[in-house]
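Each chain, letter by letter, is given below.
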Number of protein chains: 4
Amino acid sequence: WEGEFFPNISYIKYEGPASHNPLAYKYYNAEELIFGKKMKDWLRFSVAFWHTFRGDGGDPFGSPTKRWPWDDGSNSLTVAVRRMRANFEFLKKLGVEKWCFHDRDIAPEGSTLEESNANLDYIVSVAKKLQEGTNIRPLWGTAQLFKHPRYMHGAATSPDVRVYAYAAAQVKKAIEVTKLLGGENYVFWGGREGYQTLLNTDLKKELDHMATFLRSAAEYKKKIGFEGTLLLEPKPQEPTKHQYDWDAATTMGFLKNYGLSDDYKLNLECNHATLSGHSCHHELETARIYGMLGSVDANTGDAQTGWDTDQFLTDVSEATLIMLSVIKNGGLAPGGFNFDAKLRRESVDVEDLFIAHISGMDTIARGLRNAAKLLEEGRLTKLVEDRYSSFNSPLGKTIEEGKVGFEELEKISLEAEEPPITSGKQELAEMIFYSYV
Amino acid sequence: WEGEFFPNISYIKYEGPASHNPLAYKYYNAEELIFGKKMKDWLRFSVAFWHTFRGDGGDPFGSPTKRWPWDDGSNSLTVAVRRMRANFEFLKKLGVEKWCFHDRDIAPEGSTLEESNANLDYIVSVAKKLQEGTNIRPLWGTAQLFKHPRYMHGAATSPDVRVYAYAAAQVKKAIEVTKLLGGENYVFWGGREGYQTLLNTDLKKELDHMATFLRSAAEYKKKIGFEGTLLLEPKPQEPTKHQYDWDAATTMGFLKNYGLSDDYKLNLECNHATLSGHSCHHELETARIYGMLGSVDANTGDAQTGWDTDQFLTDVSEATLIMLSVIKNGGLAPGGFNFDAKLRRESVDVEDLFIAHISGMDTIARGLRNAAKLLEEGRLTKLVEDRYSSFNSPLGKTIEEGKVGFEELEKISLEAEEPPITSGKQELAEMIFYSYV
Amino acid sequence: WEGEFFPNISYIKYEGPASHNPLAYKYYNAEELIFGKKMKDWLRFSVAFWHTFRGDGGDPFGSPTKRWPWDDGSNSLTVAVRRMRANFEFLKKLGVEKWCFHDRDIAPEGSTLEESNANLDYIVSVAKKLQEGTNIRPLWGTAQLFKHPRYMHGAATSPDVRVYAYAAAQVKKAIEVTKLLGGENYVFWGGREGYQTLLNTDLKKELDHMATFLRSAAEYKKKIGFEGTLLLEPKPQEPTKHQYDWDAATTMGFLKNYGLSDDYKLNLECNHATLSGHSCHHELETARIYGMLGSVDANTGDAQTGWDTDQFLTDVSEATLIMLSVIKNGGLAPGGFNFDAKLRRESVDVEDLFIAHISGMDTIARGLRNAAKLLEEGRLTKLVEDRYSSFNSPLGKTIEEGKVGFEELEKISLEAEEPPITSGKQELAEMIFYSYV
Amino acid sequence: WEGEFFPNISYIKYEGPASHNPLAYKYYNAEELIFGKKMKDWLRFSVAFWHTFRGDGGDPFGSPTKRWPWDDGSNSLTVAVRRMRANFEFLKKLGVEKWCFHDRDIAPEGSTLEESNANLDYIVSVAKKLQEGTNIRPLWGTAQLFKHPRYMHGAATSPDVRVYAYAAAQVKKAIEVTKLLGGENYVFWGGREGYQTLLNTDLKKELDHMATFLRSAAEYKKKIGFEGTLLLEPKPQEPTKHQYDWDAATTMGFLKNYGLSDDYKLNLECNHATLSGHSCHHELETARIYGMLGSVDANTGDAQTGWDTDQFLTDVSEATLIMLSVIKNGGLAPGGFNFDAKLRRESVDVEDLFIAHISGMDTIARGLRNAAKLLEEGRLTKLVEDRYSSFNSPLGKTIEEGKVGFEELEKISLEAEEPPITSGKQELAEMIFYSYV
């Protein structure tokens, strides 16, 4: 059967802000130029295969709720092919040219690693064929190292050497197929790389193993000539009580400590930012200022619940802050915005899949428009520059160059007047920011 | 006047667990040997001058409640001398040989830096005299860079170069007096080194300035031959919305990134661990395994409130976990356990100061006894070692030595059987642990 | 001296959304009609005397930072008069006609209750005079029962009967002066009515005392013919670990349980909602649907910190949700929007006071405009009504009238088909909502 | 096949605190008298069928991990019988005489309600037979109204009247079988009775429906002569964003508001207490003082994660606080301690099921011993009574009797001296408490 999965949904078009059509873009206009670059090139949207085509609505207290036309509940290769076809129909109708996947999302786990690899090869060949003649390519691929029971204690950080080896084999293969499909990045989210209790854990050994594993991955990538960026995705906890890649700062510190900073960048997720007690903007900026901002998982969490909700971003203020970072970063390429977001369990219409993505894309596009205008008019930039202007003085320069020690600074301070108390102008900064939202 | 401030309190003695006397130790027996070391040398307790002698019971919604015999509400030098005398009487009666201070706690801020320095010199000379003939010395000193309005935007991270210079002058002096008093460490807690909003903040500039400042401090320390350890104290937030030294991992990452790892260790506070979403044990272990565990601020927070409560630690389980880390670290020296803890606002009796410290010291001493027994009997240690035993195999060793790549591991995995699913034995580990509490 | 305190600030005018003038309204146009009612009558803005004229910038780690022209740091009657004059100049320049106060904010505590009452009488007479010829009146008054050490264990819930009596005397007087000034409501925020630890607390006794106290207040109000509404203000914690008026639901349950529901309504604060794990909208709706929504403390908290930040509301989405509740409630009168919000510690310019209030007022005004349009166009209302439409069926009606029991319902269900799985349309609802923001 | 499921585990015996045998009780000695009552009658332990016999180790990021000998992964009646037999073998080996169940845990959902009822009848008959000749009976039964997609929007609060009816039918049946099995209580945990977003929710309608539903349940219970207690179980959120039975206070307020207080008590879960920002002790006390404490779900959550972890309680301090409430309540009968706790996902040995229950039972038994001793020696009780002693004065009595108004209290206060500032003795209370742990 070669028919459509979404026969009642046509290609989503840009209709502008006045439209009430849920199946149209109001802010995302792919070819429109912002600061001389197309919106689609600023945003590089990607659909997450797992949420959109494998999400079944199950939760810890409830059974699956979705009955998608491409699915029959089985994990067969036949259904895997249908899902992949649905994926491409969905991408085309949305007008999105990137997608992200885990190896085991797209192809069923076999009874042996060999069989799993064969399944994967088959589905990858299907995907490759579907990609032909299109601009559609993976934003990134990854290996699912958290779902199978063998990984319940960790993959790279498993106490069992056989599991470490198995994970290595799985990542090797996943990098290869990402390369084959023309993927631009490869992501590590170590869902089980952490601990449930320190009482049964050798923390140092696990962190050392994780570093060794990542070092081997970087070596293998080079060996096969994969040009994509390797990305680590921080998350503080869930499913483990403590995940080693807690947040951007922790992850960058880990990379630095083990000499891996040049081989990895970060894939930051807004929802994970919330769980770690930070704003998404904070996480993006923390990575950006050190050149470590690689890609973004564009979703949102719920500040009032303590678990991963992976919702589509709808808050325009948040989107504006995110886009401030992205514009300052000169964009995200070869990274992009992957919609690591899922429908609510209670949203069971095929239409809801489109509405959710359109809503998320429009929110970020609106953020891009706002941020561009904010930066263009420069009121906030000026406020910040003015605050630090005293460091443009000769003394400021000397300090920043590390050429002045505590003794000279004491001498200066003993002679100087008490420094003035100057307003931080936070309320003004907020007034300016919100006037662009 | 040379009289006593605590005339009704005698020297606190060890009376053993059966005692009902609130003014006696039930677990802390200073000279008793644990693993061949005196309890007092394992614990190296220190009284925090600021909470005990400057804490007035004020909170954001309430006025001061305490009326201590050494205080008259003024910030005069005369009262400063009385407070210092009270400090030494308190230390002696408790049998504690260390104390910690901020420059501005012990001596009043003057109208100029010169005057402030003179005040500090005077009080330091008083303290030095009181130390004579005793073993009492500072565990550490520090500069108060968060209370005065000049520091409201930060000290090392202030946007005003004059404030940076002033802070440098103040730290220089504080290191000097710490050295003069025989202090064994010097601590940086950057209460204002953070931001209230990213909207008015240049994040990169502030972090660079902070690193430069710390580098200068380390240089000055060496220059004057101060042998003490420099310590950074992480805290995630409060008073700022985001403090740069968020937690142990973030702080170590920062040090690594700016090449400062060899010059600094960490002073970890349990209450701050809670605020950052970690257990105190997690923070201690995170630092310990990389050789960065310097000293401990022994207090506790409230897992259900979101602000800094600085309570005396009373939870024996927590104390046992803390002491597991400390014993594995071979102790904390030259660091120790500083009671960065304050009486509740409603505790206004002089007696309460003693009860609180005795309670905190006994809790940690109980933790030491429990942890020593737990390690001695080895049941938990064995459980952990068994979990990782497969890494003692030839393959495990080769992996740990970084001598095997993804290709070999794939080959091995393709040939191997599916790894077995082995229990993590968390409930057993907890059963064992709690049987020692 | 009779001069101006804000000589450089003129009367704030409405200039519309395009204006870049920080000292102008962009959305708040007092006389403009929305749904046939003036914006100022929908919003009934009020300035909080304590934050604006007593806020000094002190925090738990820092000294005061503000140096306002009306203040000299003393707590004298002379300064109290200056502050009151500044309050009226501020109200007039903002174009706001309501203010809120605690007894001890506006007049200094004396050395006896008698003296405190005299001070209060004097300042109230000054305020009354300043009110003459204006429409300015208190939105509400209240007694400060949390700052003085005598209240450290509670006021109505103090274990000391003398404190209970003292609090009664203070509330009696505060109700009287609120009446005298033409105040429209009287608020109870029981900052110390809670516990720090259950270990030293008789929970039942304290709750019983609180109910008795509130019953007496309602009786006294009637006795003197005060027509204003009595309002309880929920907050979960801080300064106590647990405050009895935890949130809207808890407070309404308490009132119901003690037979006080007819005498009290709620004064809801957004910042307190956040601290209790709810959205502000949730709290407003919880009260509104039972007719208990009395007034709003219009501020915001920080979802990522765990303490009371009392910031000016700037989030337009939140403001829109708030205004949805308020419009559905038919407005808040005799309640209103009190700006229980304070400048950031680092905002020390007189101008910042104006900017912050303008920003907060504009945010809420924007919310009003959005919510009115959203309700007018009815798309979201319809979505909700459709979801529940099956309850308009005969069976639905019978169930709602309580006329059908479990046996009939079992019979119906045994015969019926499996109910269909219908989408909750959350993403569509969010898309619609955000298109009005 | 009639063999044993736990052939290597013998009957668990009491061996006393010195035992290192993981499969023995060290503190729980069923027949030992505490305050004249057997430990087993104080504690009334119950095994939760769902966690122990249906828990498969799946989590939102992972597949099932358990391979129990009674299970084959199917949901057949045959396996249901095996599970029930395993349950009784488990209960007997543990020496526990109560169990709890949901209708759908013990018997598979059929393709129609009729078939589901038939399945349930069959398995109940099996269970009834297994109960014969034993003292084993259900502590409580309940209906599973959260797992099936039909309930995704709520059961009693579903917007679909057909779902409301279906839920009524299911509860009717579940009450009947609970009665048949000799169950002593019936529990409502409304996992889906809440909202995901207010944007698509009619809050008032849902709360009214919930009350109507509960009223009908109470009526039906009386009609069939079921003598058990009806219990509501609070939880703040998860799976919904906001569950209506948020915490004890909210739930009691709801019951009061709808006139249902006499028909229901509360089933309190420690883990849910944590999620709502309260201690378990707080929740128990809040219910106890108003006579609403019905039963306890004895587990624990993780203060640092924001989701439901349902762990076995191991913290002795917490257990001691819990038992303080329970002893003051005169026990829990006809309620008890149900182990609503599950093995960690990584604990896959049959032995772990025993270890976890033994650990949980011993922890609570230890709490009982500690609390009994604490109450017997009376030091803490006295401290509390002393704090409130001023209310034993004539004035105190008059106030408590509601016989004195604000005018008299003002007169008294004007004449009285300033009330003294008395210490709350929190540190002393903590020292006393922890000396019993």
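In this text, all values refer to a predicted model and were calculated from it rather than measured experimentally. (Residues numbered from 1 in each chain as written. Chains lettered and ligands numbered in written order. Predicted model: local features only at pLDDT ≥ 70, side-chain atom pairs only at ≥ 80, totals over all residues. Heavy atoms only, no water.)

### Topic: the overall build of chain A
Here is the rule: Where helices and strands are cited, they refer to DSSP runs of H or I of at least four residues and of E of at least two residues respectively, numbered from the N terminus. The reference for a compact globule is 2.2 Å times residues^0.38; the radius of gyration itself is calculated from the C-alpha atoms. Three exposure classes are used, based on accessible area relative to the maximum for each residue type with a 1.4 Å probe and protein chains only: buried under 20%, partly exposed in between, and exposed over 50%. The contact definition used throughout considers only heavy atoms, calling two residues in contact when any of these lie within 4.5 Å. Areas reported here follow the Shrake-Rupley algorithm with a probe of radius 1.4 Å; residue values treat only the protein chains shown as occluding. When charges are counted, Lys and Arg are positive and Asp and Glu negative, with His and the chain ends excluded. A charge is said to be at NZ when it belongs to Lys, at CZ for Arg, at CG for Asp and at CD for Glu.
Scanning chain A from terminus to terminus reveals 16 helices and 14 strands. Against the globule reference of 22 Å for 437 residues, chain A gives a C-alpha radius of gyration of 24 Å, in line with a compact fold. By principal-axis analysis of the C-alpha atoms, chain A measures approximately 85 × 60 × 45 Å. Counting all 437 residues of chain A, 68% fall into the buried class. Put simply, 75% of the contacts in chain A that link residues at least 6 apart link residues at least 24 apart. As displayed, chain A offers around 14200 Å² of accessible surface, 49% of which is attributable to carbon and sulfur atoms. In chain A, the 51 positive side-chain charges and the 63 negative ones have mean positions that sit 5 Å from each other.

### Brief notes about the nonpolar core
Spelled out, the test is: Nonpolar core, defined: a set of buried Ala, Val, Leu, Ile, Met, Phe, Trp, Tyr and Cys residues in which side-chain atoms within 4.5 Å join the residues together.
In terms of nonpolar packing, the biggest core is built from 267 residues, with Trp99 and Phe337 of chain B together with Trp99 and Phe337 of chain D touching the most fellow members. Counting residues in each nonpolar core, the second largest holds 266 residues, with Ala341 of chain A together with Leu113, Leu181 and Leu383 of chain C among its members.

### With respect to the domain arrangement of chain A
Residue and element names in this part refer to chain A. Put simply, the rule is: For the domains described, the bounds stem from an automatic or database domain assignment. A 1.4 Å probe defines the accessible area here, and the buried area is the portion of it lost by two parts on being joined, summed over both. Each salt bridge in this description consists of a side-chain nitrogen of Lys or Arg and a carboxyl oxygen of Asp or Glu lying within 4 Å of one another. The definition of a polar contact used here is a pair of N or O atoms within 3.5 Å, where within protein one atom must be able to donate a hydrogen and the other to accept one, and adjacent residues in sequence count solely through side-chain atom pairs. Charged means Asp, Glu, Lys or Arg here, nonpolar means Ala, Val, Leu, Ile, Met, Phe, Trp, Tyr, Cys or Pro, and polar covers whatever is left, Gly included.
Annotation of chain A at the domain level lists domain 1 (13–377) and domain 2 (380–434). The partner domain 2 presents 5 residues to the 6 residues of domain 1 that form the contact. Across the domain 1 to domain 2 interface the summed buried area is about 400 Å²; carbon plus sulfur atoms make up 76%. Connecting domain 1 to domain 2 are 0 salt bridges. In this assembly, domain 1 and domain 2 are joined by 0 residue pairs in polar contact (both at pLDDT 80 or more). Of all elements in the fold, only α11 (316–328) and α12 (350–377) reach the threshold of two or more residues within the side of domain 1 that touches domain 2. At 4 residues, the largest contribution of residues to the side of domain 1 that touches domain 2 is made by α11. For the side of domain 1 that touches domain 2, a count of residues per class yields 4 nonpolar, 2 polar and no charged.

### Considerations on the sheet that holds strand β6 (residues 98–102) of chain A
Neighbouring strands of a sheet are bound in pairs by backbone hydrogen bonds; such pairs are parallel or else antiparallel. All names here are of chain A. Worth spelling out the cut-off: Strands qualify as paired when DSSP identifies two bridges or more between them. Axes here mean lines fitted to C-alpha atoms, for a helix over just the part in contact, with angles spanning 0 to 180 degrees between N-to-C directions.
Judged by pairing direction, the barrel is parallel, and its 8 strands sit side by side in the order β5-β6-β7-β8-β10-β12-β13-β14 before closing back on the first. Strand-to-strand, the axes of this sheet are offset by a mean angle of 30°, without reference to chain direction. Across 3 bridges, strand β10 (residues 229–232) lies against strand β12 (residues 264–269) in parallel orientation. Across the sheet, leucine 231 pairs through a bridge with lysine 265, a residue of β12. Running over the sheet, α12 touches β5 (45–48) and β14 (337–339) and is turned about 155° from β14.

### Topic: the sheet that holds strand β13 (residues 293–297) of chain D
All names here are of chain D. Ordered in space as β5-β6-β7-β8-β10-β12-β13-β14, the 8 strands form a closed barrel in which the pairing is parallel. Going from strand to strand, the sheet's axes swing by 30° on average, the running direction of each strand aside. Bridging between strand β7 (residues 137–142) and strand β8 (residues 185–188) involves 2 bridges; their strand directions are parallel. The partner of tryptophan 140 across the bridge, within β8, is asparagine 185.

### Side note on the relation of the copies chain A and chain B
Which entries qualify depends on this criterion: Alignment of the copies relies on least squares applied to C-alpha atoms, considering only residues that score at least 70 for pLDDT in both.
For these two chains of identical sequence, chain A goes onto chain B by a turn of 180° and a shift of 0.0 Å along the axis, with RMSD 0.0 Å. Taken together, the rotation and translation relating the two chain copies correspond to the operation of a two-fold axis. Measuring from the rotation axis to each C-alpha of chain A, the shortest distance belongs to glycine 253 of chain A, at 1.8 Å. The overlap is high: 100% of the interface residues of chain A also sit at the interface in chain B, so the same surface is used on both sides.

### A short note on the interface of chain A and chain D
Each side of the interface is counted separately: chain A has 31 residues, and chain D has 31 residues. For the pair chain A and chain D, the summed buried area comes to about 2800 Å², and 58% of that belongs to carbon and sulfur atoms. The largest share of the area that chain A buries against chain D comes from Phe61, Trp307 and Glu346 of chain A, three residues that together contribute 27% of it. Scanning the region where chain A abuts chain D turns up 4 salt bridges. Between aspartate 302 of chain A and lysine 241 of chain D there is a salt bridge; the shortest N-O distance is 2.8 Å. Class assignment of the residues belonging to the side of chain A that touches chain D gives a composition of 10 nonpolar, 11 polar and 10 charged.

### Digging into the environment of threonine 305 of chain A
Mapped onto the fold, threonine 305 of chain A is located in the loop between β13 (293–297) and α11. For threonine 305 of chain A, a relative accessible area of 8% gives the class buried. As for threonine 305 of chain A and asparagine 75 of chain A, which are separated by 230 residues in sequence, their C-alpha atoms are 32 Å apart. Once residues lying within four places of it in the same chain are set aside, the contact partners of threonine 305 of chain A are Gln237 and Lys241 of chain D.

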